[in-house]
Amino acid sequence: KAGVTQTPRYLIKTRGQQVTLSCSPISGHRSVSWYQQTPGQGLQFLFEYFSETQRNKGNFPGRFSGRQFSNSRSEMNVSTLELGDSALYLCASSLSRATNTGELFFGEGSRLTVL
Amino acid sequence: GESVGLHLPTLSVQEGDNSIINCAYSNSASDYFIWYKQESGKGPQFIIDIRSNMDKRQGQRVTVLLNKTVKHLSLQIAATQPGDSAVYFCAENTRDKVIFGPGTSLSVIP
């Protein structure tokens, strides 16, 4: 069974640009969660999608958004990029709601650098 | 160690020794806890979990202890190996989301 796939793995953007990151969950998994990982703040929850609906959202500005498609694939978008958005963005999938299940299965992340 | 949010607590152990990694969680209503291991360049991977109705759970070379009174989790790794070098995160499931601790970097000295 294929694991969680995130694309692109690495990308470089400049301030003010926008970026879209993609996540394909494990087949059969309906929940996709997104996390931002930085050295200073650790793993911070962005949002969770389940059955195409956003179920929870972390404390991030409205520049961060996402969506989930009917095949459970998810995308997140960051608009008007700032230097502080440089981070590793991790996607995790699970069979049911992340808070109701056990293990989260993580992808290897998308490393975003904002110049 | 306690995280201050600016640097990762580090634990260095000799190969073959036992490691103990600690984590304080924040929400007394959390009912499920998981330890994850993150190796360099990879996403976190599940190690072991424990529900709030238990105080100890053992896996292969790993044991998780839960003390709900002081909201504390620990991960014990027996006979630590070089392959155990990684960052370890505890996570708590609250009603609304999964919250990760700041992480501890484990370095194994051969």
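Here is what the cut-offs are and how they apply
- Residues numbered from 1 in each chain as written.
- Chains lettered and ligands numbered in written order.
- Predicted model: local features only at pLDDT ≥ 70, side-chain atom pairs only at ≥ 80, totals over all residues.
- Heavy atoms only, no water.
- Salt bridge = Lys/Arg side-chain N within 4 Å of Asp/Glu carboxyl O.
- Helix = DSSP H or I, 4+ residues; strand = E, 2+ residues; numbered from the N terminus.
- Buried < 20%, exposed > 50% of the residue type's maximum accessible area, 1.4 Å probe, protein only.
- Polar contact = N/O pair within 3.5 Å; in protein donor to acceptor, adjacent residues only side chain to side chain.
- Contact = heavy atoms within 4.5 Å.
- pLDDT = per-residue confidence, 0-100.
- Core = buried A, V, L, I, M, F, W, Y, C linked by side-chain atoms within 4.5 Å.
- Pairing = 2+ DSSP bridges.
- Axes fitted to C-alpha atoms, helices over the stretch in contact; angles between N-to-C directions.

### A short note on the pattern of salt bridges
Residue and element names in this part refer to chain A.
Moving on, step 1. Taken as a whole and assessed by the stated rule, the structure comprises 7 salt bridges over all chains.
Moving on, step 2. Linking Arg-63 and Glu-82 is a salt bridge whose minimum nitrogen-to-oxygen distance equals 3.6 Å. Highlighted residues: Arg-63 in the loop between β6 (53–57) and β7 (64–68) and Glu-82 in the loop between β8 (74–78) and β9 (87–94), separated in sequence by 19 residues.
Moving on, step 3. Relative accessible area serves as the criterion here: at 16%, Arg-63 is assigned to the buried category.
Moving on, step 4. On the basis of relative accessibility, which here comes to 42%, the residue Glu-82 falls in the partly exposed class.
Moving on, step 5. Here the residues in one salt-bridge network are Arg-63, Glu-82 and Asp-85, joined through shared partners.

### Considering the side chain of Asn-77 of chain A
All names here are of chain A.
Moving on, step 1. With respect to the element layout, Asn-77 can be found in strand β8.
Moving on, step 2. Under the relative-accessibility criterion, Asn-77 is labelled buried at 19%.
Moving on, step 3. Polar side-chain contacts of Asn-77 include one of 3.0 Å to the side chain of Thr-20.
Moving on, step 4. In contact with Asn-77, not counting residues within four places along its chain, are Gln-18, Val-19, Thr-20, Arg-63, Phe-64 and Ser-65.

### Side note on the confidence of the model for chain B
Moving on, step 1. Chain-level pLDDT for chain B is 90 on average; 94% of the residues reach the 70-or-more range.
Moving on, step 2. With pLDDT under 50 throughout, residues 1–6 of chain B is counted as low confidence; its partners more than four residues away or in other chains account for 8 contacts.

### Here's the deal with the nonpolar core
Moving on, step 1. If you look at the biggest cluster of nonpolar residues, it comprises 21 residues, and the most contacted ones within it are Trp-34, Leu-46, Phe-64, Met-76 and Tyr-89 of chain A.
Moving on, step 2. Going through the elements one at a time, β3 (19–24), β4 (31–38), β5 (42–50), β8, β9 and β11 (110–114) of chain A are the ones with two or more residues in this core.

### Side note on the sheet that holds β3 of chain A
All names here are of chain A.
Moving on, step 1. A sheet is described by the order of its strands in space; here 4 strands give the open sequence β1-β3-β8-β7, paired in antiparallel fashion. Every interior strand has two partners, whereas the edge strands, β1 (5–7) and β7, have only one. The average angle at which neighbouring strand axes cross in this sheet is 15°, direction not considered.
Moving on, step 2. Across 5 bridges, β3 lies against β8 in antiparallel orientation. Across the sheet, residue Val-19 finds its bridge partner in β8, namely Val-78.

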